[in-house]
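Structure assessment
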Amino acid sequence: MSTDPMSSEIITVQSHIIEKQRKHPQATGEFSWLLSGITLATKIIESKVRRAGLLDILGADGRINVQGEIVQKLDRIANETLLRTLGYRGNIGIMASEEDDEPHMVKDVGEEGRYIVLFDPLDGSSNIDVNVSVGTIFSVLRRKAGEWNRENPVVHLLQPGFEQVAAGYVVYGSSTVLTYTTGNGVHMFTLDPDIGAYVLCNEDVKMPDTGKMYSVNEAYLSTFPKGYRDYLGWAKGEGYSLRYIGSFVADFHRTLLRGGVFLYPPTTKQPEGKLRLLYEANPMAFIAQQAGGAASDGTQAIMKKQPKALHERTPLIIGSKSEVDRVLGFLA
Ligand code: AHG
Ligand code: MN
Ligand code: MN
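Now for a description of the structure that goes with this document. (Residues numbered from 1 in each chain as written. Chains lettered and ligands numbered in written order. Predicted model: local features only at pLDDT ≥ 70, side-chain atom pairs only at ≥ 80, totals over all residues. Heavy atoms only, no water.)

**Some thoughts on the overall build of the protein**
Counting secondary structure elements, the protein contains nine helices and 15 strands. Over its C-alpha trace the protein gives a radius of gyration of 20 Å, about what one expects of a compact globule, namely 20 Å for 332 residues. Dimensions of the protein, computed from C-alpha atoms along their principal axes, come out at roughly 60 × 55 × 45 Å. Sorting the 332 residues of the protein into buried and exposed places 55% on the buried side. (Helix = DSSP H or I, 4+ residues; strand = E, 2+ residues; numbered from the N terminus. Rg over C-alpha atoms; globule rule 2.2 N^0.38 Å. Buried < 20%, exposed > 50% of the residue type's maximum accessible area, 1.4 Å probe, protein only.)

Listed below in structure tokens is the structure:
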């Protein structure tokens, strides 16, 4: 082992973003300011997740959110943390969350505050009570030409995924890992709890092009469209493995590193699939694409879909490029 301390640098997510921006002379630094707000929020959320059992904040708080699901206490805490951390950055005009029916227009933001942040503050929250990995997902858009429409801010959010300027997620697993892209590859950082910083662990991550693993809630198999059933039958014959955590962030994280495919098809109960286009499917599709993978709803690329509503759902096929193509072959 080398004893030269300069042979292995320590790069935090903050310095990584600043370094990347230096290569763009037109960059103003406001974007790194925005991303540092998100990383701060996820550190606060992670500390709550880690202490959940101790603080007696486990379990449902009894309310139903706009999706008709029971709101977990930590969902609410995570949501408020993001809103409070990002609301004062000055460059964010709108925030929108899975937990809130309507987007939040930041009151005193001027026209120079041109960013839009959408998030799933706590993904997989039904898993918290059983100590299974959960996560936060975010997507960043820019306001299109024109001024803010304060009466109807949702019009600013309905942009296809290819318009994203950044996307990322944090998985609060056996360690806490942040993954982000700004369209220049996918970069991964592990939170060092001793120093409270995300440290670079994997630069320019590439998804394996194949992988004999599928991830789906197979309990709903009989209600999937035929092409999905055929693919799953074929995969079994080929000796594939099944991995399903039930936290999209964690299932996607494994798929990114190990390859294979994650599926949430249309079902009888959820004819449009379950996952949300704007703050679950799009950010992960951006990351998958930047890592050499792919994402589709079965008929078109996820990032080409024109959103019609903030909380719209989409069927999702995401993962290794050749495996996504194979599923699409069965659907054709
Ligand atoms: P959320 O906790 O943000 O509502 O998301 C839950 C999602 C997602 O994390 C996971 O992939 C999916 O629900 C699992 O759904 P099933 O229980 O239907 O398999
Ligand atoms: Mn979710
Ligand atoms: Mn959620």
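Structure's up, so let's keep going.
**Details of helix α8 (residues 277-290)**
Of all 14 residues that make up α8, 13 are buried, and the element is covered over most of its length. One or two residues past the end of α8 sits Gly292, with phi positive at roughly 90°.

**Describing the sheet that holds strand β14 (residues 294-296)**
An order of β12-β11-β13-β15-β14 is seen for the five strands of this open sheet, with the pairing classed as mixed. Sheet topology places β12 (241-242) and β14 at the edges, where each strand pairs with a single neighbour. Where strand β13 (residues 261-264) lies against strand β15 (residues 316-319), four bridges are found, and the strand directions are antiparallel. Residue pairing for β15: Leu263 is matched across the bridge by Ile317. (Pairing = 2+ DSSP bridges.)

**Description of the pairing of strand β9 (residues 186-192)**
Most of β9 sits out of view: five of its seven residues are buried. Bridge count between strand β8 (residues 176-181) and β9: five bridges; the pairing is antiparallel. Residue pairing across strands places Leu178 opposite Phe189, the latter belonging to β9. Hairpin connection between β8 and β9: a loop of four residues separates the two successive antiparallel strands, and Gly183 in this loop has a positive phi of roughly 95°. What sits between the antiparallel neighbours β9 and strand β10 (residues 197-202) is a turn of four residues, in which Gly196 has the positive phi angle 70°.

**Notes on the coordination of the manganese ion (ligand 3)**
Protein coordination of the manganese ion (ligand 3) is provided by Glu98 (OE), Asp120 (OD) and Leu122 (O), with donor distances spanning 2.0 to 2.3 Å. Along the chain, the residues donating to the manganese ion (ligand 3) fall in the pattern E-x21-D-x1-L. Metal-to-metal, the separation of the manganese ion (ligand 3) and the manganese ion (ligand 2) is 3.7 Å; Asp120 coordinates the two. The exposure classification of Asp120 matches that of Leu122, with both residues buried. (Donors = N, O, S within 2.8 Å, 3.2 Å for Na, K, Ca; no water.)

**What to know about the side chain of His156**
Among the secondary structure elements, His156 is positioned in helix α5 (residues 154-157). You can call His156 buried: its relative accessible area is 10%. Beyond its immediate chain neighbours, meaning those up to four positions away, His156 contacts Ile94, Ile116, Arg143, Glu147, Trp148 and Asn149. (Contact = heavy atoms within 4.5 Å.)

**Observations concerning the sheet that holds β9**
In spatial order, the strands read β4-β3-β5-β6-β7-β8-β9-β10; together these eight strands make up an open sheet with mixed pairing. Each end of this open sheet is capped by a strand with a single partner; those strands are β4 (104-105) and β10. Inspection of the sheet shows strand β7 (residues 166-172) paired to β8 by six bridges, in the antiparallel sense. Within β8, the residue paired with Val170 across the bridge is Leu178. Against the sheet, helix α7 (residues 248-258) makes contact with β5 (115-123), β6 (134-142), β7, β8, β9 and β10, and its axis sits at roughly 105° relative to β7, the strand it touches most. (Axes fitted to C-alpha atoms, helices over the stretch in contact; angles between N-to-C directions.)

**Let's talk about the site of ligand 1**
What surrounds ligand 1 is a group of 18 residues, the closest being Asp123, Gly124, Asn217, Tyr244 and Tyr264. Within the backbone of Ser125, one N or O atom sits 3.0 Å away from an oxygen atom of ligand 1. In the model, an oxygen atom of ligand 1 is placed 2.9 Å from a nitrogen or oxygen of the Tyr220 side chain. For the shell around ligand 1, the leading source of residues is β5, giving three residues. For the shell around ligand 1, the class distribution of residues is six nonpolar, five polar and seven charged. Lining the shell around ligand 1 are residues from two domains, each supplying at least three of them: domain 1 (13-202) and domain 2 (213-331). (Near = heavy atom within 4 Å. Polar contact = N/O pair within 3.5 Å; in protein donor to acceptor, adjacent residues only side chain to side chain. Nonpolar A, V, L, I, M, F, W, Y, C, P; charged D, E, K, R; others polar. Domains from an automatic or database assignment.)

**Observations regarding the pairing of β8**
Burial within β8 is extensive, with six of its six residues counted as buried. By the alternation rule, side chains of β8 split into Thr176, Leu178 and Tyr180 and Val177, Thr179 and Thr181, which are all buried. Once β7 ends, the chain turns through three residues before running back antiparallel as β8.

**Let's talk about unusual backbone geometry**
Although it is not a glycine, Asn131 sits at a positive phi angle of roughly 60°. Take Asn131: it is sitting in the loop between β5 and β6. With phi around 50°, Asp204 is a residue other than glycine that occupies positive phi space. Tracing the backbone shows Asp204 in the loop between β10 and β11 (213-215).

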